[in-house]
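# What the coordinates show
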Amino acid sequence: MAMFPFFVDLRGKKGLVVGGGALALRKIETLLPFEPNLTVVATDLAREIVELAKRGEIVAKEREFSDDDLNDELNFLIIATNDSELNRKIANKARATVPQINVVDSPEESNFYFPALIVRKKLTIAVSTAGASPTAATDIRDRIEEYLPENIDEVIEWLADIRDEIKERVTPPERRKAVFASLYREAVARARILTRNEIEAILRRVGNVRSEETYSGEQAAEQVAIGRVTIVGAGCGDASLITLRGLDAIRNCDAILYDELIDKTLLHHAPLHAERIPVGKRAGEYYERQETINSLLVALARSGKRVVRLKGGDPYLFGRGGEEARALLESHTPFEVVPGVTSAIYIPMEAGVPVTYRGLSRSVHIVAASSSGREFNDAIRRIASISGTLVLLMGTKRLARITRELIEAGMRADTPVAIVRGGCAGALTVLRGTLEDVVERAREHNLAPPTVIVVGEVARLDLRSPYGLPRL
């Protein structure tokens, strides 16, 4: 059965620890930051426990446990000897007088358990498995801690300092809650506490509170610039490929505009209140014009929202992220760009193809094969004369033309080719051949876009692990 996590003020509360070894020390060290009044009883005290007693942080008694150590003034008891039978006897004797008992490594004898803790000043996060698996609790605790904003303790201290002011100036409870949420999210996003001007801007925008002062010039601009856009590369395929910085932006956004070829589970990390707006592009289907997307990014940011533009792969590799960045720059909208894993490298890697390999390829050339006309033809001809790897994106439907152009430009007809379909496009499909026969092979297998086409000697390689190791 799951346990309810009461948070208790332990300052001055009387606790007894029976046992003086490593197990007892671990419990003592966990409790000490919360300032209880601890007494330790054991026939053999670890050196660290003796040192704690000398510094006055605990009371240590080097002797055998006595029934007289139990009394109704004790708030909690921790039993941590190496003798399980003795632990059980002490627990049974204590039940009549001590309300809270923990027997180390014996959940059935305990009525409270030590959680895996994260402590950052006023913030405490506790993870418990009701004693079933401390290892699992510790692992979950560590995973949570990885994603905590670096300045979380500073932000919480600051919110405590301004709490009374906000409560006094914002009277409707629902608006007050929204103001605190905006203050928190904005401080986390900026990785610092907010300035007075930024606080006033949020009070006016969210709390409908008239500012106590008027601002002009740079101060007024500072108030307008509360909203921001983060252009995030979602990586290609598995959601775990996104960067921690990108994931943090998603977790603190008010709106998220996302492409078609992303792992949709990333959207679950956005707050419940965040707008989720699909703006993906896919060949042959309707999609929002780029100008419309640019305008929407600017409008949402100007309304005070933290906006994430979530793009497949890397924003600046044929993702039009540069166009969006220019639009934001020209409209004086604050923004940042978070890179992502590009399909040009990841999808071949899934098929065991490294785009560079010593002795085979010392350069890689990435081309958007969706282009047409003389400019594309000229680019293909130039690349055909350069040794290295050619990676073509969005080229499935133009495969016949591409192979013909490469051969005509002087590339050997037996040059290896690998066509890979994977990532968010579905199960991994790998088709290998040469410039001479790959078109017919792709036709036979009815290979549909999106794919990544690799041309060059590395396309012969298949470096996938034969052991089917799980991704960690």
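Every value quoted in this text rests on a predicted model; they were computed, and no experiment measured them.

We now examine the environment of G319. Residue placement: G319 occurs in the loop between β11 (306-311) and α11 (321-330). C-alpha of G319 to C-alpha of A80: the two residues are 239 residues apart in sequence and 59 Å apart in space. Those residues within four positions of G319 in sequence are excluded, and the remaining contacts are K311 and D314.

The final tally for this structure, using the stated rule, is 2 aromatic pairs. Here F4 and F6 contribute two aromatic rings whose centre-to-centre distance is 5.0 Å and whose plane-to-plane angle is 65°, an arrangement assigned as edge-to-face. Each of the two residues, F4 as well as F6, counts as exposed. Where F112 meets F114, the ring centres are 5.8 Å apart and the plane angle is 40°; that geometry is what we call tilted.

Here we take up the sheet that holds strand β2 (residues 37-42). The strands making up a sheet associate through backbone hydrogen bonding, with each pair oriented either parallel or antiparallel. Strand order in the open sheet formed by 5 strands is β3-β2-β1-β4-β5, and the pairing between neighbours is parallel. Two strands close off the open sheet at either side, each with one partner strand: β3 (59-62) and β5 (100-103). Recorded for the sheet is a direction-independent mean angle of 15° between the axes of neighbouring strands. Across 4 bridges, strand β1 (residues 14-18) lies against strand β4 (residues 76-79) in parallel orientation.

Opposite charge on two side chains permits them to pair, given that their charged atoms come into close proximity. The final tally for this structure, using the stated rule, is 37 salt bridges. Across the salt bridge formed by K122 and E157, the nearest N and O atoms sit 3.0 Å from each other. One end of the pair, K122, is in the loop between β6 (116-120) and β7 (123-127); the other, E157, is in helix α5 (residues 152-169), and 35 residues separate them in sequence. The exposed category is assigned to K122, whose relative accessible area is 55%. By sharing partners, the salt bridges in this structure join R185, E186, R228, D254 and R306 into a single network.

Contact geometry for helix α10 (residues 290-302) and α11: axes closest at 10 Å, N-to-C directions at 45°. When the axes of α10 and α11 are compared, the pair comes out oblique. Crossing of α10 against α11: the hand is right-handed. Residues Q290, I293, N294, L297 and V298 of α10 form the contact with α11, whose own contacting residues are E323, E324, A327 and L328.

Summarising burial for β11: 6 of the 6 residues are buried, a large majority. Judged by which residues are buried, β11 turns out to be covered on both faces: R306, V308 and L310 on one side and V307, R309 and K311 on the other are all buried. In the sheet, strand β8 (residues 228-233) pairs with β11 via 6 bridges, with the strands oriented parallel. Residue pairing in the sheet places R228 in a bridge with R306 of β11. Of the strand pairs in this sheet, strand β9 (residues 255-258) and β11 are connected by 4 bridges, and their pairing is parallel. Opposite I256, over in β11, you have V308 as the bridge partner.

Our next topic: the side chain of T333. Along the chain, T333 falls in the loop between α11 and β12 (335-338). Among the polar contacts listed, one links the side chain of T333 to the side chain of S331, at a separation of 2.7 Å.

Within soluble globular proteins, side chains that are nonpolar tend to cluster in buried spots. Core analysis: the biggest nonpolar cluster contains 22 residues, and L392, L406, I419 and V455 have the highest contact counts within it. Of all the elements in the fold, those that place two or more residues in this core are α13 (374-384), β14 (389-393), α14 (399-408), β15 (416-421), α15 (438-444) and β17 (452-455). With 4 residues, the single largest contributor to this core is α13. The residues contacting L392, other than those within four sequence positions of it, are V367, A369, I380, I402, T451, V452, I453 and V455.

The next thing to look at is the sheet that holds β11. Taken in spatial order, the 5 strands of this open sheet run β10-β9-β11-β8-β12, and their pairing is parallel. Two strands close off the open sheet at either side, each with one partner strand: β10 (275-278) and β12. Each strand axis lies, on average, 15° off the axis of its neighbour in the sheet, ignoring direction. Each of β8 and β11 is contacted by helix α6 (residues 173-190), which is oriented at about 55° to β11, the strand it contacts most. Sitting on the sheet, helix α9 (residues 244-251) touches β8, β9, β11 and β12, and the angle it makes with β12 is about 135°.

This part takes up the confidence of the model for the protein. Per-residue pLDDT for the protein has a mean of 88; in total, 93% of the residues score no lower than 70. Below pLDDT 50 for its whole length, residues 214-225 participates in 14 contacts with residues either more than four positions away or in separate chains.

Definitions and limits used
- Residues numbered from 1 in each chain as written.
- Predicted model: local features only at pLDDT ≥ 70, side-chain atom pairs only at ≥ 80, totals over all residues.
- Heavy atoms only, no water.
- Helix = DSSP H or I, 4+ residues; strand = E, 2+ residues; numbered from the N terminus.
- Contact = heavy atoms within 4.5 Å.
- Phe/Tyr/Trp six-rings, centres within 6.5 Å; stacked < 30°, edge-to-face > 60°.
- Buried < 20%, exposed > 50% of the residue type's maximum accessible area, 1.4 Å probe, protein only.
- Pairing = 2+ DSSP bridges.
- Axes fitted to C-alpha atoms, helices over the stretch in contact; angles between N-to-C directions.
- Salt bridge = Lys/Arg side-chain N within 4 Å of Asp/Glu carboxyl O.
- Parallel < 35°, antiparallel > 145°, perpendicular 65-115°, else oblique.
- Left-handed = near helix turned anticlockwise from the far one by under 90°.
- Polar contact = N/O pair within 3.5 Å; in protein donor to acceptor, adjacent residues only side chain to side chain.
- Core = buried A, V, L, I, M, F, W, Y, C linked by side-chain atoms within 4.5 Å.
- pLDDT = per-residue confidence, 0-100.

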